[in-house]
Amino acid sequence: MQQAYEFKDTSKPLSETLRGLIDGIEGETVTLRELMDAVGEQGLLLICALASLPFLIPVSIPGVSTVFGAAIILVGIAIFLNRLPWLPKKILDRRLETAKLVPALEKGVGIVSRIDRLLKPRMSGLTASGTMNRVNALGITAGGVLLMFPLGLVPFSNTLPAVAILLLATGMIQRDGLVVLAGYLFLVITVIYFAVLAILAVSAGQGLASIFG
């Protein structure tokens, strides 16, 4: 039986860790494998937080949501199963343009630095037990699924699930149950937003059908 994967508490600000990671990105392209190799001891949850950063702007970079969304889903499943993740070579080695990725990450770090000031251990019931961390992992996985919806050109369609993933991951890293709870709130907001978009799309389709029918 594989040994459970343990996540380490940290007092180091997440924005500081991410800043060091971004500063280490060199060349015209970078792969998810290279980013994961540079993550360090904060582990899988930091990967999820990192992968959410490019989407913290109203309209995201085309194509990135597929790679990072799939990675978040697979990492979330790995956290749920308490084991290291398996990621397809196609996802790990897809080349991403640093000229587009790094500025998005830079903006994300600015947001994370504001979150850092709010992070502290509290509401431990949402992060202290293995059972709750498995539930939280399912929340991260759900956020990854929502992130992959083909709505990248619709404002906030990537941003809302990315915020949920970021809050869940950072809350788990630093044992902040209130931030984890906020992550679930953003998941609910995302589902409601997507439902409204679907209703509007159906209504528009029916309207066109009545005009041309």
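Just above, that's the structure.
This report concerns the structure included in the present document.

Definitions and limits used
Residues numbered from 1 in each chain as written. Predicted model: local features only at pLDDT ≥ 70, side-chain atom pairs only at ≥ 80, totals over all residues. Heavy atoms only, no water. Helix = DSSP H or I, 4+ residues; strand = E, 2+ residues; numbered from the N terminus. Polar contact = N/O pair within 3.5 Å; in protein donor to acceptor, adjacent residues only side chain to side chain. Contact = heavy atoms within 4.5 Å. Expected span 1.5 Å × (residues − 1). Buried < 20%, exposed > 50% of the residue type's maximum accessible area, 1.4 Å probe, protein only. Patch = residues over 30% accessible without salt bridge, like charges linked within 9 Å, V, L, I, M, F, W, Y side chains within 5 Å. Areas by Shrake-Rupley, 256 points an atom, 1.4 Å probe, with all protein chains shown as cover. Salt bridge = Lys/Arg side-chain N within 4 Å of Asp/Glu carboxyl O. Phe/Tyr/Trp six-rings, centres within 6.5 Å; stacked < 30°, edge-to-face > 60°. Core = buried A, V, L, I, M, F, W, Y, C linked by side-chain atoms within 4.5 Å.

Here Asn136 shows up in helix H7 (residues 130–147). Polar contacts involving the side chain of Asn136 include one to the side chain of Tyr184, which spans 2.6 Å. For Asn136, the contacting residues outside a window of four places in its chain are Leu126, Thr127, Leu168, Met172, Val180 and Tyr184.

Given a rise of 1.5 Å per residue, 18 residues ought to cover 26 Å, and the 25 Å separating the end C-alpha atoms of H7 matches this to within 8%. Residues of H7 that are buried include every one of Asn133, Asn136, Ala137, Gly139, Ile140, Thr141, Gly143, Gly144, Leu146 and Leu147, and no others.

Moving on to a nonpolar patch on the surface. Residues Val188, Ile192, Val196 and Leu200 make up a contiguous nonpolar surface patch of about 360 Å² in total accessible area. Within the element layout of this structure, Ile192 appears in helix H9 (residues 177–212).

Turning our eyes to something else, we now look at the packing of aromatic side chains. Each aromatic ring pair is specified by the distance between its two centres and by the angle formed by the two planes. If you walk through the whole model with that rule in mind, you get three aromatic pairs. Relative to Phe194, the ring of Phe149 lies with its centre 5.2 Å away and its plane at 40°, an arrangement referred to as tilted. Residue Phe149 is found in the loop between H7 and helix H8 (159–173), and its partner Phe194 is found in helix H9; the two are separated by 45 residues along the sequence. Phe194 sits in the buried class, given a relative accessible area of 10%.

What follows concerns the nonpolar core. Leu18, Leu53, Phe68 and Ile140 are the most contacted members of the largest nonpolar core, which has 57 residues in total. A total of ten residues in this core trace back to one element, the largest contributor, which is H8. Beyond its immediate chain neighbours, meaning those up to four positions away, Leu18 contacts Leu46, Leu50, Leu53, Val109 and Val112.

Between its first and last C-alpha, helix H4 (residues 64–81) extends 26 Å over 18 residues, near the 26 Å set by a 1.5 Å rise per residue. With 13 of 18 residues buried, H4 is to be regarded as a mostly interior element. Downstream of H4 by a residue or two, Asn82 has a phi angle that is positive, lying close to 60°.

Turning next to the environment of Leu92. Tracing the backbone shows Leu92 in helix H5 (residues 89–92). Separated by 21 residues in sequence, Leu92 and Ala71 have C-alpha atoms that sit 8.3 Å apart. Aside from chain neighbours lying at most four places away, what touches Leu92 is Thr31, Leu32, Arg33, Met36 and Leu87.

Attention now goes to the pattern of salt bridges. Tallied over the full model, the rule gives five salt bridges. A salt bridge links Arg19 to Asp23; its shortest N-O distance comes to 3.6 Å. A residue pair is termed a helical-turn pair when its members lie 3 or 4 positions apart in one helix, as Arg19 and Asp23 do in helix H1 (residues 14–23) at four residues. Overall, Asp23 belongs to the exposed group, its relative accessible area being 51%. Measuring nitrogen to oxygen at the nearest pair gives 3.8 Å for the salt bridge that ties Glu34 to Arg95. With Glu34 in helix H2 (residues 32–37) and Arg95 in the loop between H5 and strand E2 (96–97), this residue pair connects regions lying 61 residues apart in the sequence. Overall, the relative accessible area of 37% leaves Glu34 in the partly exposed class. Each of Arg19, Asp23 and Glu106 takes part in salt bridges that share partners, so that together they form one network.

In short, shape yes, function no, at least from these values alone.
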